[in-house]
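# A look at the structure
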Amino acid sequence: MSETGKKEAKRLRMLKMNRKERACLRRRTAVDIVWRIFRAVILFGLGFVIMYPLIYMVSCAFRDRSDMTDPTVMWITRHYTLDVIRETMQAMDFGNTMKNTLILNVGCSFVQVLSCSVTGYGFARFQFKGRKLLFAVVIMMILVPPQVISMPLYWQFRHFGVGKFSVNLIDNMLTMYLPAITGNGIKSGLMILIFCQFFKGMPRELEDAAYIDGCGPLRTFIQVMIPNAASAFLTVFLFSVVLYWNDYYVSSTFFTNTKTISLMLQNLDTELKMWLFNSAAVEIPPREQIVWKEAGCLLSIAPVLIMYVCLQKYFTEGIERSGIVG
Amino acid sequence: MADRKKLSYASKKSLYGYGFIGLWLLGTLIFFLIPLVKSLWYSFNEVSIDTGSMITEWAGFDKYKGVLTADPYYTEYLRDTLIETAWKTPMILIFSLFIAVILNQKFRGRVIARAVFFLPVIIATGPVYKIISGDMNTTGNAGGGMQFSTMFSIDLMGELLQFLGIYGLSDRMSDMISAIADNVFSIVWSSGIQILLFLGALQNIPPSAKEAAELEGATAWEYFWKITFPYVSPFILANFIFTVIDSFTSPTNKVMERILAMGSDWKFGEAAAMAWIYFGTILAAIGMISFAASRFIYYETD
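So, a few notes on the structure that sits alongside this text. (Residues numbered from 1 in each chain as written. Chains lettered and ligands numbered in written order. Predicted model: local features only at pLDDT ≥ 70, side-chain atom pairs only at ≥ 80, totals over all residues.)

Okay, the interface of chain A and chain B next. In this assembly, 70 residues from chain A lie in contact with 70 residues from chain B. Elements that contribute at least two residues to the side of chain A that touches chain B include exactly α2 (19–61), α5 (94–125), α6 (131–143), α7 (146–158), α12 (230–246), α14 (261–266) and α16 (286–321) of chain A. Per element, the largest residue contribution to the side of chain A that touches chain B is 14 residues, and it comes from α16 of chain A. (Contact = placed C-beta atoms within 7 Å. Helix = DSSP H or I, 4+ residues; strand = E, 2+ residues; numbered from the N terminus.)

Grouped together as the largest cluster of nonpolar side chains are 128 residues, with contacts concentrated most on F195 of chain A together with F198 and M274 of chain B. When near neighbours in sequence (up to four residues on either side) are disregarded, F198 of chain B contacts S96, L97, A100, V232, F235 and N239 of chain B. (Core = buried A, V, L, I, M, F, W, Y, C linked by C-beta atoms within 7 Å. Buried ≥ 20, exposed ≤ 12 C-beta atoms within 10 Å, placed from the backbone.)

With that settled, consider the packing of α6 of chain A against helix α9 (residues 188–201) of chain A. All names here are of chain A. Where α6 contacts α9, the two axes come as close as 7 Å, and the packing angle between them is 135°. On the basis of the axis angle, α6 is oblique to α9. Relative to α9, the crossing made by α6 is left-handed. Touching V138, M141 and I142 of α6 are S188, G189, L190, I192 and L193, all from α9. The residue inventory of the contact of α6 with α9, partitioned by class, reads six nonpolar, two polar and no charged. (Axes fitted to C-alpha atoms, helices over the stretch in contact; angles between N-to-C directions. Parallel < 35°, antiparallel > 145°, perpendicular 65-115°, else oblique. Left-handed = near helix turned anticlockwise from the far one by under 90°. Nonpolar A, V, L, I, M, F, W, Y, C, P; charged D, E, K, R; others polar.)

Okay, the environment of D83 of chain A next. Counting through the fold element by element, D83 of chain A comes out in helix α4 (residues 83–91). Considered as a pair, D83 of chain A and V236 of chain A are 153 residues apart in the sequence and their alpha carbons are 37 Å apart.

This part takes up the environment of S290 of chain B. All names here are of chain B. Its location among the elements puts S290 in helix α13 (residues 268–293). S290 gets classed as partly exposed once you count the C-beta atoms within 10 Å, which come to 14. Considering only alpha carbons, one finds S290 and I241, 49 residues apart in sequence, at a separation of 8.5 Å.

Structure representation (structure tokens):
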């Protein structure tokens, strides 16, 4: 129907109504408009709260140090420069740090998604003795904060093995890879739960068909279930990458000198001083320090941010179908 | 071979089940259950380190008593943290449900709005958040440099108004606004996942329910309380638990900082006792509220 046609129909409908009905309709339209304005204000205001740090980071990262003390510079810098970014990259040893982070954190998150999906599938589709009890353990894994067990765990890695046959695993990548491989990494309980709910929601006929065709359970899982669970995998993978990327608690507990992006950002202050002035005792004026800090923040979240922007569509839509809402 | 043939289909499947969770079970035993029990054990012991080995000596409840009565900071931090969790959690829940309802409506720019509101999910668990949420304060940034700082608590609303080109509100009003804004930042930034979960729940409301409500002439208000709320109620509980645990493990949590400080002093016994007291309190709170809430939750059975 054309726009004028719609208006005409509405006018005709209005004519047929009595006063009370018209008043009601008018009230509804008014409420609707007010709500829309209110909604726009709320979304814009809160969106600003979220975007502000990011805008500020971008604004800071490209400015000259002297602009920080210039009160007339608010958002847009006078002296556009890449120096700060370059300095921060060198101080963070960005190339190596990035390589480490990719090998350790991203590698772990990838392995963890696989192990959690296998475990989740086991819980979702098979009946065995002690299943309820073991599932309670999964819930426990969600509830117990890592800080509670990190000390005994440290000691365990320090002397890994039995009796005399123990090795020191501290500073070894295995301290993060072993838990990840066995589905005990960061927030793995939550991931197992998500996968379990998702696989429960998939039609059983899929597997039955595969069984009848002579497929074993493992092959069924790999060839039938995984391709159908792509959205869940994507969501959990994104979560997992983000959690490992941002992790500094676990990595600072088990490593003394491995450089990952989060750890470097934690220690950016000292690193910068060492790199720029060759001494940790130098006091950089805090206002000027901010440029580097913000540049460091920008550098360290840029990769995940880019990934998020690319996958955003699947993430915000896929979540609905990913069984988080089992 | 003959043995395997005797296995019934069911027991064969259950064997496969063990096969699927086997790796996890092994890992859980080594990396979760044993450390958990050990940590509980430490909390009842005097722990000392002697040339690379750990010596434990039974101390009963001494550690717990010592932590609660003798430690200068612990009880204070514990009280503060619990109070903060107690009022922040409902705020986060209400806020995230509200935002999820808005993001579930149809309007122009919805995709962008969603992308923005999920951004905290990516950033809020890491050190970047620590920096932007005002950690700068500790590096001596407090005095004077307001417009240069990224500390939101100072004058977020003022920033927004200035950004929009509005100047010169009355002092009293801007004071009030900044008091609210003080907490808005932390609430907005810690409700990313909650919004995500609520949004998922909202999308699972069957269209038939909405149609029926429209036919009966329900207002938006009635629709929210009679349709949306019951459908979402299980997720309120899930989100509640998630929020509490999140605040529990957050990097800015003072109790956790204290526990870690004890741990790096090699006072394993005290640290473990502290952790267990905290964990026990939280677990008790979660348990009580879940129990109370479970009576009001609507589960769709089909």
